[in-house]
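One-letter residues, chain by chain:
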Amino acid sequence: MRIGTGYDVHKLVDDRDLILGGVKIPYEKGLLGHSDADVLLHAIMDALLGAAALGDIGKHFPDTEEAYRGISSIELLKHVRKLLEDKLYLIENIDATIIAQKPKLAAYLPAMVKNIAEALGVEEERINVKATTEEGLGFTGEGLGIAANAVCLLESIHNYEFDATPKAVDRDCGGCGGCPKHN
């Protein structure tokens, strides 16, 4: 079992779309960044990469690369999925929190969960996203930015035993495999 944590923050500015969890949220401001600045997905990617000891999103998707300018973070999350699959990791669960004074996000959380689960190829039941405010305190509370944090649990398939050896069956007991003779 491997645990990872992630955190990201971006400044709110005019003339940008607000994208969280791959969902475009109607709001007067958006997040400033090289990509779509989706703080939720960035925190999740950092948690996943950290749990797998694969660095962070800055290593894999540097903001100096033109290829990542304006890119959808859902596409980056799909790439992280491939990295995890290549290392034979399974995602047990992800729990994430968006920290924003405004806008209210409760109505958008199910769509975020769906987008994340689809991008990672896991069941929605493995993903939890929630939102909170900071009661007007700090940069998020003052509406200057939005932050997100995430934690994940990965499991390596190397931790599972697979026994493909055929077992002898005693025809006298019906070959149950559950009696003391077959255990």
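Residues numbered from 1 in each chain as written. Predicted model: local features only at pLDDT ≥ 70, side-chain atom pairs only at ≥ 80, totals over all residues. Heavy atoms only, no water.

**Some words on the packing of aromatic side chains**
Move 1: Applying the stated criterion across every chain yields a total of one aromatic pair.
Move 2: Considering the side-chain rings of F61 and Y68, the 5.5 Å spacing of their centres and the 80 degrees angle between planes classify their relative orientation as edge-to-face.
Move 3: With a relative accessible area of 22%, Y68 lands in the partly exposed category. (Phe/Tyr/Trp six-rings, centres within 6.5 Å; stacked < 30°, edge-to-face > 60°. Buried < 20%, exposed > 50% of the residue type's maximum accessible area, 1.4 Å probe, protein only.)

**Here's the deal with the layout of surface pockets**
Move 1: The computed volume of the largest pocket comes to approximately 220 Å³.
Move 2: Along the walls of the largest pocket sit D8, H10, G33, H34, S35, H42, I57, G58, F61, D63, Y68 and L76, which together make up its complete lining.
Move 3: Of all the elements in the fold, those that place two or more residues in the lining of the largest pocket are strand 1 (2–13) and helix 2 (57–60).
Move 4: The residue makeup of the lining of the largest pocket, split by class, is four nonpolar, six polar and two charged. (1 Å grid on protein atoms, 1.4 Å probe; cavity = no way out; pocket = protein on both sides within 12 Å on 5 of 7 lines; lining within 4 Å. Points joined across faces, edges and corners; volume = space filled by probe spheres on them. Helix = DSSP H or I, 4+ residues; strand = E, 2+ residues; numbered from the N terminus. Nonpolar A, V, L, I, M, F, W, Y, C, P; charged D, E, K, R; others polar.)

**As for the sheet that holds strand 5 (residues 89–99)**
Move 1: On the basis of which strands lie adjacent, the open sheet formed by five strands has the order 4-1-7-5-6 and mixed pairing. A strand with exactly one partner marks an edge of an open sheet, and here the two such strands are strand 4 (30–31) and strand 6 (127–132).
Move 2: Relative to strand 7 (residues 145–156), strand 1 is paired through 10 bridges, and the arrangement is antiparallel. Of the residues in strand 7, the one forming a bridge with V9 is A147.
Move 3: The sheet strands contacting helix 4 (residues 109–120) are strand 5 and strand 6, and the helix crosses strand 6 at an angle near 145 degrees. (Pairing = 2+ DSSP bridges. Contact = heavy atoms within 4.5 Å. Axes fitted to C-alpha atoms, helices over the stretch in contact; angles between N-to-C directions.)

**Some points on helix 1 (residues 39–51)**
Move 1: The end-to-end C-alpha distance of helix 1, which contains 13 residues, comes to 18 Å, matching closely the 18 Å that a straight helix rising 1.5 Å per residue would cover.
Move 2: Burial within helix 1 is extensive, with 12 of its 13 residues counted as buried.
Move 3: Within helix 1, the full set of buried residues consists of V39, L40, L41, H42, A43, I44, M45, D46, A47, L48, L49 and A51. (Expected span 1.5 Å × (residues − 1).)

**Describing the pairing of strand 1**
Move 1: Looking at chain direction, strand 1 and strand 4 are connected through two bridges and run antiparallel. Paired with L12 across the bridge in strand 4 is L31.

**What to know about the nonpolar core**
Move 1: Counting 49 residues, the largest nonpolar core has L20, I44, L48 and I98 as the members making the most contacts within it.
Move 2: Looking at this core, the elements with two or more residues in it are strand 2 (18–20), strand 3 (23–25), helix 1, helix 3 (73–86), strand 5, helix 4, strand 6 and strand 7.
Move 3: Among the elements that make up this core, the one with the highest residue count is helix 1 (10 residues).
Move 4: Setting aside chain neighbours within four positions, we find I44 in contact with L77, I94, A96, I116 and A150. (Core = buried A, V, L, I, M, F, W, Y, C linked by side-chain atoms within 4.5 Å.)

**Observations regarding the pattern of salt bridges**
Move 1: Summed over all chains, the structure comprises nine salt bridges.
Move 2: Residue K130 pairs with D95 through a salt bridge whose shortest N-O separation is 2.6 Å. Of this pair, K130 sits in strand 6 while D95 is found in strand 5, placing the two residues 35 residues apart along the sequence.
Move 3: For D95, a relative accessible area of 26% gives the class partly exposed. (Salt bridge = Lys/Arg side-chain N within 4 Å of Asp/Glu carboxyl O.)

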